[in-house]
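# Inside the fold
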Amino acid sequence: MSSVVLDKVTKVYPGDHLAVDRMSLKAEDGEFLVLLGPSGCGKSTLLRMIAGLEEVTEGDLWLDGKLANHLPPRDRDVAMVFQSGALYPHRSVRGNIAFPLEIAKADPQFVKDRVTELSKALHIDETLNRRPGTLSGGQRQRVAMGRAIVRQPKIFLMDEPLSNLDAGMRTELRMEISALVRSLGVTTIYVTHDQVEALTLADRIAIMNRGVLQDVGTPAQIYNDPATAFVAAFLNSQQLNLLSATVRTPQNQFVMLDFGPHQLTLPWSDPRAYAISQYTGGQVLVGMRPDGLAPVPESYDGPSFFGRVRALEYHGHEWLAYVECGTPGVPVPEPPDPRRKTNGHAPESTGLGTMLRRMFTSRVLTEENEHDEEQESGHHRRTDLIVRLGVRPAWRVADAAKVAVDLSRIMVFTLEGARIDAARRTS
Ligand SMILES: Nc1ncnc2c1ncn2[C@@H]1O[C@H](COP(=O)(O)OP(=O)(O)O)[C@@H](O)[C@H]1O
Ligand SMILES: [Mg+2]
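Everything numeric here is computed off the predicted structure, so don't read it as measured data.

Definitions and cut-offs
Residues numbered from 1 in each chain as written. Chains lettered and ligands numbered in written order. Predicted model: local features only at pLDDT ≥ 70, side-chain atom pairs only at ≥ 80, totals over all residues. Heavy atoms only, no water. Helix = DSSP H or I, 4+ residues; strand = E, 2+ residues; numbered from the N terminus. Buried < 20%, exposed > 50% of the residue type's maximum accessible area, 1.4 Å probe, protein only. Areas by Shrake-Rupley, 256 points an atom, 1.4 Å probe, with all protein chains shown as cover. Phe/Tyr/Trp six-rings, centres within 6.5 Å; stacked < 30°, edge-to-face > 60°. Lys NZ or Arg CZ within 6 Å of the ring centre and 35° of its normal. pLDDT = per-residue confidence, 0-100. Contact = heavy atoms within 4.5 Å. Pairing = 2+ DSSP bridges. Axes fitted to C-alpha atoms, helices over the stretch in contact; angles between N-to-C directions. Polar contact = N/O pair within 3.5 Å; in protein donor to acceptor, adjacent residues only side chain to side chain. Near = heavy atom within 4 Å. Nonpolar A, V, L, I, M, F, W, Y, C, P; charged D, E, K, R; others polar. Parallel < 35°, antiparallel > 145°, perpendicular 65-115°, else oblique. Left-handed = near helix turned anticlockwise from the far one by under 90°. Core = buried A, V, L, I, M, F, W, Y, C linked by side-chain atoms within 4.5 Å.

## Brief notes about the overall build of the chain
The number of helices and strands found in the chain is eleven helices and 20 strands. Scored against the burial criterion, the 427 residues of the chain give a buried share of 48%. Per element, the accessible surface of the chain, about 20000 Å² overall, is 52% carbon and sulfur.

Shown next as structure tokens:
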């Protein structure tokens, strides 16, 4: 077992192509850490640097307390499984799993016992004498995993090992990976772009976007208390409602989030009020998950929005309502694209705020002429509030709709997408 420490690790590919930007992160001894992020955000690059398959451009990589930037891959005691584990086609399943031990000239009886034990844990003990070509995709990934961990590496790296499998197999193997890795207690870094895999497998999740670490914490911490608007949106199974609001503190009586036609107020006794009030007179982004909103009768006088139901959408286990509230949604702020820049390092914040403000202003201008919004094809939903209705819809299309807002679940961000109101975690 071993810990993995990244200290401001940066990867620049030839051609000034910044793939990982000053990542600092620690995987504890025996921890199951999931690296989550959209395609192209630098996950594989990071994993390959840990394995020694890719050089670290800047920063330090520590494995088991030793500086490992220049340690050859074979001295790292790291095993890696890829999206489609390449197996030796002419060797049996047994031969594939045993191979790393045979190379190491292990005792034949030990090899036999170890392969039997692992193949049982991976549910492939019936296939030991078959060739990889005769196996299903799920079985082949099990063999690849068996071969990777047969030597009991200190660190186990997995790069989207389930993404080539169909949904049923993915769920099954997901649970088995979790059980196996935990029973071995080996430090594991698992890469995926799938939020469900991340939430279900991880001890902790590190979420990346465009080469930049966005947040790290337990699944519940980053779901309930995300550090950025990007994290809140990425972990949402439905679309996150993200609206802009002006912060007001009328006569200093309370803190108001003013959405134009709608307002939400927080009393000073609310622990978030002070942090939000620092933006008085300025604009912030307010995130609301569809399940933090609920249909209520006209007479309801708690925190709410009002509008008209534009569409209902059936999702099997729930209905979603799209409620036109006359409040434009805003796109999720992203860090600047490092791939567009030409000099050494990504700017800390310059340019982005200005860019967002410009984007935001142009959306407000279109809203002044309500019909402009309709002409932006594909952007209709952006002006709707998405509300989760459960299994029986309380509304019909075109109904007037009052939407209760669970104030304990709103999230307030700067225009750049940094969280303002959270009781941020200390670790
Ligand atoms: N060998 C390479 N040379 C140049 N650019 C690369 C190389 N490998 C990956 N990249 C680029 O680096 C970025 C991160 O890639 P990658 O780490 O594969 O992302 P992910 O695994 O999250 O999809 C992408 O923009 C990708 O095109
Ligand atoms: Mg990848």
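## As for the packing of aromatic side chains
Applying the stated criterion across every chain, the model contains five aromatic pairs. Measuring from ring centre to ring centre gives 5.0 Å for Tyr314 and Trp319, while their planes differ by 50°; the resulting arrangement is tilted. By relative accessible area, which is 22% here, Trp319 ends up partly exposed. Between the NZ or CZ atom of Arg289 and the centre of the ring of Tyr223, over which it lies, the distance is 4.1 Å.

## Quick word on the confidence of the model for the chain
Overall, the predicted model of the chain reaches an average pLDDT of 87, with 88% of residues at or above 70. For residues 340-381, every residue scores under 50 in pLDDT, and the model assigns this stretch 44 contacts once sequence neighbours within four places are set aside.

## Concerning the sheet that holds strand E17 (residues 319-324)
Overall, antiparallel pairing links the five strands, which are arranged E15-E19-E16-E17-E18 in an open sheet. Looking at strand neighbours, the two that pair on one side only are strand E15 (293-296) and strand E18 (384-390), the edges of this open sheet. If you compare each strand with its neighbour and ignore which way they point, the axes differ by 50° on average.

## Considerations on the sheet that holds strand E20 (residues 411-413)
Across the sheet, which stays open at both edges, the five strands sit in the order E13-E12-E11-E14-E20 with antiparallel pairing between neighbours. Lying at the two open borders of the sheet, with one neighbouring strand each, are strand E13 (263-266) and E20. When the angles between neighbouring strand axes are averaged without regard to direction, this sheet yields 35°. Sheet analysis places strand E11 (residues 241-248) next to strand E12 (residues 255-258), joined by three bridges and oriented antiparallel. Counterpart to Val247 in the pairing with E12 is Leu257.

## Points about the side chain of Arg142
Along the chain, Arg142 falls in helix H4 (residues 137-149). A distance of 3.1 Å separates a polar side-chain atom of Arg142 from the backbone oxygen of Leu122. Excluding anything up to four places from it in sequence, Arg142 contacts Leu122, His123, Ile124, Met169, Glu172, Leu173 and Glu176.

## Concerning the site of ligand 1
Taken together, twelve residues sit near ligand 1, with Gly40, Gly42, Lys43, Ser44 and Thr45 positioned nearest. One of the backbone N or O atoms of Gly42 is found 3.0 Å from an oxygen atom in ligand 1. Thr45 places a polar side-chain atom, nitrogen or oxygen, 2.5 Å from an oxygen atom of ligand 1. Bound to the protein, ligand 1 loses 64% of the 560 Å² it would expose on its own. Listing elements by their share of the shell around ligand 1, those giving two or more residues are strand E2 (17-27) and helix H1 (43-51). Broken down by element, the shell around ligand 1 gets its largest block of residues, three residues, from H1. In the shell around ligand 1, the residues fall into four nonpolar, six polar and two charged.

## Some thoughts on the packing of helix H2 (residues 93-103) against helix H3 (residues 108-121)
In a pair of packed helices, the angle between the axes and the distance between the axes together describe the arrangement. As a packed pair, H2 and H3 sit with axes 10 Å apart at the nearest point and diverge in direction by 125°. Relative to H3, the element H2 lies oblique. Judged by the sense of rotation from one axis to the other, the crossing of H2 with H3 is right-handed. From H2, Arg94, Ile97, Ala98 and Leu101 reach across to H3, where they touch Phe110, Val111, Arg114, Val115 and Leu118.

## With respect to the nonpolar core
Within soluble globular proteins, side chains that are nonpolar tend to cluster in buried spots. Ranked by internal contacts, the top residues of the largest apolar core, which has 42 residues, are Ile97, Met145, Phe156, Met158, Ile177 and Tyr190. A total of five residues in this core trace back to one element, the largest contributor, which is H4. Those residues in contact with Tyr190 that lie beyond four places of it in its chain are Phe32, Leu33, Val34, Leu35, Met158, Pro161, Leu162, Ile177, Glu197 and Leu201. Core analysis: the next-biggest nonpolar cluster, separate from the first, contains 30 residues, Leu243, Ala273, Val284 and Val412 among them.

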